[in-house]
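The primary structure of each chain is shown beneath.
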Amino acid sequence: MLTAKTKTWLGLIAAVAVVVIAALLIVHWIGIGAPAMKPVRLSTDDAQKAIQQRIAAYRQAGEPIAMDDFRAKPVDPSRDAAEPLLAAIKLLEPFANDPSWDLEPFHHLSPKDWQTIDAALVKFAPALAAIDQADGRDQADWKIVFKSPAIDILLRSLNGVRQLANLLQMSALSAQHHGREDQAVHRLRQLISLARMTDQQPFVVAHLVTLGIVAVTANT
């Protein structure tokens, strides 16, 4: 007499065997019924022509396809927000290790923390003045050198842009803390503009940095 456990294992084995056989029959049936695929052989000239036709179709549809298609159009210097923003990034470089960056401005701060922030903002005043020069400008030329392969393109400004967002957050909260509500709102508007200008770079990582700036704005 077979035990219940043995019967169970035999049933499972039989079921698996049925599934495997059915699968093999289906594959065999498909292989018989499918028409034979003839290999397509193109000459080098024909292949190049086909590629160019496909590229032309994408471009006619308004889609970028080659690296040159992603190059930004010339920007009117009077409308270029990137120039003063890049200058602000440069002005902040000597203060990369300032203790004010280690504070969390959106949490409760002690009087000593506020003193640290206010002292830092005095040092950062030239950078804030440079950011002010970007007000009202709606385009950005980030001086990106486009080349192939795209993985070799350097986006040097992104770390600095995020630091500008931190600076604007610090300035907005300090202004609100001292009762200068109009200046606080102005800094928030500059944060939103900074996000928009950053998102003009046609790269996924730039969009992610933009989302980070939006989060900083919302937290502020």
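For the structure given in this document, a descriptive report is provided here. (Residues numbered from 1 in each chain as written. Predicted model: local features only at pLDDT ≥ 70, side-chain atom pairs only at ≥ 80, totals over all residues. Heavy atoms only, no water.)

Here we come to the overall build of the protein. When helices and strands are tallied, the protein shows eight helices and zero strands. Starting at the N terminus and walking to the C terminus, you meet the elements of the protein as α-α-α-α-α-α-α-α. Taken across its 220 residues, the protein has 28% of its residues classed as buried. In the structure as shown, the protein presents an accessible area of about 15100 Å², 61% of it carried by carbon and sulfur atoms. (Helix = DSSP H or I, 4+ residues; strand = E, 2+ residues; numbered from the N terminus. Buried < 20%, exposed > 50% of the residue type's maximum accessible area, 1.4 Å probe, protein only. Areas by Shrake-Rupley, 256 points an atom, 1.4 Å probe, with all protein chains shown as cover.)

Moving on, we come to empty space enclosed by the protein. Applying the stated rule across the entire model yields one cavity of 30 Å³ or more. Along the walls of the largest cavity sit Ala81, Leu85, Ile131, Ala134, Asp135, Leu168, Gln190, Ser193 and Leu194, which together make up its complete lining. No other element matches helix α7 (residues 181–198), which puts three residues into the lining of the largest cavity. Class assignment of the residues belonging to the lining of the largest cavity gives a composition of six nonpolar, two polar and one charged. (1 Å grid on protein atoms, 1.4 Å probe; cavity = no way out; pocket = protein on both sides within 12 Å on 5 of 7 lines; lining within 4 Å. Points joined across faces, edges and corners; volume = space filled by probe spheres on them. Nonpolar A, V, L, I, M, F, W, Y, C, P; charged D, E, K, R; others polar.)

The subject of this paragraph is the nonpolar core. By size, the foremost hydrophobic cluster in this structure holds 40 residues, and its most contacted members are Leu85, Ile131, Trp142, Leu164, Leu167, Leu194 and Ile213. Listing elements by their share of this core, those giving two or more residues are α3 (82–92), α4 (111–123), α5 (125–132), α6 (157–177), α7 and α8 (204–219). Broken down by element, the residue count for this core peaks at eight residues, all from α6. Apart from residues no more than four positions distant in its own chain, Leu164 is found in contact with Leu85, Ala88, Ile89, Leu92, Ile131 and Leu194. (Core = buried A, V, L, I, M, F, W, Y, C linked by side-chain atoms within 4.5 Å. Contact = heavy atoms within 4.5 Å.)

Applying the stated criterion across every chain, the model contains five salt bridges. Here Arg79 makes a salt bridge to Asp138, at a shortest N to O gap of 2.7 Å. Separated by 59 residues along the polypeptide, Arg79 in the loop between α2 (44–60) and α3 and Asp138 in the loop between α5 and α6 bring together distant segments of the chain. We classify Asp138 as partly exposed; its relative accessible area is 41%. Residue Asp141 is joined to Lys143 by a salt bridge in which the shortest nitrogen-to-oxygen separation is 3.4 Å. We classify Asp141 as partly exposed; its relative accessible area is 24%. When its relative accessible area of 56% is taken as the criterion, Lys143 is described as exposed. (Salt bridge = Lys/Arg side-chain N within 4 Å of Asp/Glu carboxyl O.)

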